[in-house]
Amino acid sequence: MIYAFVTGLMVSILGFVYIHYVDAYHQLFILASLLGLTAGATTSLSSDFRIAIAYISIIMIPLILSMIMINTSLSLILAILMILFFLSQAVMIRQNYAQTQKIKELKVQKDLLDNLFSEAPLGMFSYDKNLNMLYANRQLHDIFEYENRAITGMNLNSLFDSTIIDVFYNILRQGTQSYSGPYITTNDGDLWIEITGFPFKNANDDILGGIGIIKDKTKEYTHKKELESLHKKLQDQIEHNQFLLDENKRFIADMVHQIRTPLSVIMTNSSLVEMKTGNQVSSYITQIHSAINMLSNSYEDLSYIITNDTIEYKHTDINLTDFLNDRIDFFEVIAHANNKSIITNIDNNINVTMNDTELERLIDNNLSNAIKHSFDKSEIEIVLEKNNSEIALQFISKGENIRKVSKVFQKNYTESYGAKRSLGLGLNMVKTICKKNNIHYSAHSKDNTNTFTYIFKV
């Protein structure tokens, strides 16, 4: 900038000082020479229009003033022409500068697009209206397996797999298009690709060609198919397991039905045998009755398990005092056969509203467990009492402490083994019944005393 200004100032002073001492011919020569310098500055200094305009101003404004001061008709005409020339030069400098800046911006955008095309993890390309490839990035070469061949300049009609050609035609005819499907490469490789394409236009909205973006979705497609296959296998396995479960339930239901009649016959004939025999076989009859009652209890449990989710167990008003005494009478035979006794502390005239079958399963399972897991020759205490708005039913027995009280109501959980081993289904059934009827249940075990408590809301 300093160099330009000093040079312009020196040239301007020489012209301004000496132009008055020469004739008209040499004055015109000086003007032509200085105007030539300003014309050259229009291009050479156009990178900064402020310097260029200042440079030509330093040279031309003194010349214009000199021509006016000479005050001849020729000098005035030259002064006017120089003013017009100065203005035109200033406009040209400003336009050149604006054009240069626009070119720089376009170059930056071009570089950005080039980087985007070349570095994007997608196959990107452009083509003209005749489907001739104008540009293709490296990723497109990799996808189409054209590593050693140039795609640029190639016609899209010559692609190894022509199934996607219509997509590129439709981009030019109909606008933005998308495609997802198979593609076969030059090496007979099977791909699954996604194509998105759109046309590019000029300032007059005329379509010049199209731009395509291709993504290799083979891995995702393969994984999706594998997941769908696994899902189908899993669904088939679930259906097969459900079929086996239904068949199992059907088998158990059939077996329960088959057991009902012979069990009734055994119970009836056992009672007749007891009536017609003497005391010498009474102990054996007691054992038989005990076994029959235990079998009957297990039968009723099994029957409830397979029907509780299909049959609606309706509630009725039940005299819990009488109902509990009846169930205790039923289990007296079993307790006696196992050298155990049952004592009761039952309040009179206590009523509840629930299904009698579910109440029976709750009571019977607790009585059966108390008999099965209590010490030999011990007493089992049954307590039923009413306090304000609650009815408490307790089963208290002497036996080994329960090691994990918190798990005793869980399905399939059992702490007994050997001859007294259980399936772990009874108390879980009781838990289900309690939740269904809003009965609070709990277990407590300490000092070889096991207590199961059930609280009914009145």
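In short, a report on the structure. Source: prediction; values computed, not measured.

Focus on the overall build of the protein
Then comes step 1: Helix and strand counts for the protein stand at 11 helices and 12 strands.
Then comes step 2: When contacts within the protein are restricted to residue pairs at least 6 apart in sequence, long-range pairs at least 24 apart make up 61% of them.
Then comes step 3: Summed over all atoms, the accessible surface of the protein reaches about 27,600 Å², with 57% contributed by carbon and sulfur.

Quick look at a negative patch on the surface
Then comes step 1: Side chains of Asp-322, Asp-326, Asp-329 and Glu-332 sit close together on the surface and give a patch of like negative charge.
Then comes step 2: Mapped onto the elements of the fold, Asp-322 is located in helix H9 (residues 320-337).

Section: the environment of Thr-185
Then comes step 1: Tracing the backbone through its elements, the reader meets Thr-185 in the loop between strand S3 (177-184) and strand S4 (190-201).
Then comes step 2: Once the C-alpha coordinates of Thr-185 and Asp-161 are considered, the two residues, 24 residues apart in sequence, prove to be 6.9 Å apart.

Digging into helix H10 (residues 356-373)
Given 3.6 residues per helical turn, the α-helix brings residues three or four places apart onto the same face.
Then comes step 1: Over its 18 residues, H10 runs 26 Å from end to end, which matches the ideal 26 Å to within 8%, given 1.5 Å per residue.
Then comes step 2: With a side-chain oxygen positioned 2.9 Å from the backbone nitrogen of Thr-357, the residue opening H10 is Asn-355.

Side note on helix H6 (residues 165-174)
Then comes step 1: Considered for burial, the residues of H6 that qualify are Ile-165, Val-167, Phe-168, Ile-171 and Leu-172.
Then comes step 2: Packing partners of the buried residues in H6 comprise strand S1 (123-128), S3, S4 and strand S5 (207-216).
Then comes step 3: Looking one or two residues past H6, Gly-175 carries a phi angle of roughly 100°, positive in sign.

Remarks on the sheet that holds strand S9 (residues 379-387)
Then comes step 1: The strand order S7-S9-S10-S12-S11 describes an open sheet built from 5 strands, whose pairing is mixed. Looking at which strands have only one partner, the edges of the open sheet turn out to be strand S7 (341-346) and strand S11 (440-446). Within the sheet, the average angular offset between the axes of one strand and its neighbour, ignoring direction, is 15°.
Then comes step 2: Note: S7 against S9, 6 bridges, orientation parallel. When the bridges of S9 are listed, Ile-343 appears paired with Glu-381.
Then comes step 3: Relative to S7, H9 is tilted by about 170°, and along the sheet it contacts S7, S9 and strand S10 (390-398).

Notes on the sheet that holds strand S2 (residues 133-136)
The strands that make up a sheet pair up through hydrogen bonds in the backbone, lying either parallel or antiparallel.
Then comes step 1: Reading across the sheet, the 5 strands line up as S2-S1-S5-S4-S3 and stay open at both edges, with antiparallel pairing between neighbours. This sheet does not close on itself; its edge strands, each paired only once, are S2 and S3. Taking each pair of neighbouring strands and ignoring which way they run, the sheet shows an average axis angle of 25°.
Then comes step 2: Sheet topology places S3 next to S4; 8 bridges connect them, and they run antiparallel. By the bridge assignment, Gly-181 is partnered in S4 with Ile-193.

Details of the packing of H10 against helix H11 (residues 426-436)
Then comes step 1: Direction vectors running N to C along H10 and H11 enclose 145°, while the axes themselves pass 9 Å from each other. Between H10 and H11 lies a crossing whose hand is left-handed. Seen from H10, the contacting residues are Glu-358, Arg-361, Leu-362, Asn-365, Asn-366 and Asn-369; seen from H11, they are Gly-426, Leu-427, Met-429, Val-430, Ile-433, Cys-434 and Lys-436.
Then comes step 2: Of the residues that constitute the contact of H10 with H11, the class distribution is 6 nonpolar, 4 polar and 3 charged.

Regarding the pattern of salt bridges
Then comes step 1: A full pass over the atoms with the stated rule returns 11 salt bridges.
Then comes step 2: Among the salt bridges present, the one from Arg-138 reaches Asp-142, with a minimum N-O distance of 3.8 Å. Taken as a pair, Arg-138 and Asp-142 lie in helix H5 (residues 138-144) at a separation of 4 residues, close to a single helical turn.
Then comes step 3: For Asp-142, a relative accessible area of 38% gives the class partly exposed.
Then comes step 4: Across the salt bridge formed by Asp-205 and Lys-201, the nearest N and O atoms sit 3.5 Å from each other.

Topic: unusual backbone geometry
Then comes step 1: A positive phi angle is found at Lys-377, which is not glycine, with a value near 60°.
Then comes step 2: Mapped onto the secondary structure, Lys-377 falls in the loop between H10 and S9.
Then comes step 3: Notably, Asn-388 is not glycine yet its phi reads approximately 55°, a positive angle.
Then comes step 4: Topologically, Asn-388 is positioned in the loop between S9 and S10.
Then comes step 5: A relative accessible area of 78% places Asn-388 in the exposed class.

Considering the pairing of strand S12 (residues 449-457)
Then comes step 1: When you tally the buried positions in S12, you get 8 out of 9 residues, the bulk of the element.
Then comes step 2: Looking at chain direction, S10 and S12 are connected through 9 bridges and run antiparallel. Residue Leu-393 lies in a different strand from S12, and its bridge partner there is Tyr-454.
Then comes step 3: Pairing geometry for S11 and S12, over 7 bridges, is antiparallel.

Thresholds, definitions, all that
- Residues numbered from 1 in each chain as written.
- Predicted model: local features only at pLDDT ≥ 70, side-chain atom pairs only at ≥ 80, totals over all residues.
- Heavy atoms only, no water.
- Helix = DSSP H or I, 4+ residues; strand = E, 2+ residues; numbered from the N terminus.
- Contact = heavy atoms within 4.5 Å.
- Areas by Shrake-Rupley, 256 points an atom, 1.4 Å probe, with all protein chains shown as cover.
- Patch = residues over 30% accessible without salt bridge, like charges linked within 9 Å, V, L, I, M, F, W, Y side chains within 5 Å.
- Salt bridge = Lys/Arg side-chain N within 4 Å of Asp/Glu carboxyl O.
- Lys, Arg positive; Asp, Glu negative; His and termini not counted.
- Charge placed at Lys NZ, Arg CZ, Asp CG, Glu CD.
- Expected span 1.5 Å × (residues − 1).
- Polar contact = N/O pair within 3.5 Å; in protein donor to acceptor, adjacent residues only side chain to side chain.
- Buried < 20%, exposed > 50% of the residue type's maximum accessible area, 1.4 Å probe, protein only.
- Pairing = 2+ DSSP bridges.
- Axes fitted to C-alpha atoms, helices over the stretch in contact; angles between N-to-C directions.
- Left-handed = near helix turned anticlockwise from the far one by under 90°.
- Nonpolar A, V, L, I, M, F, W, Y, C, P; charged D, E, K, R; others polar.

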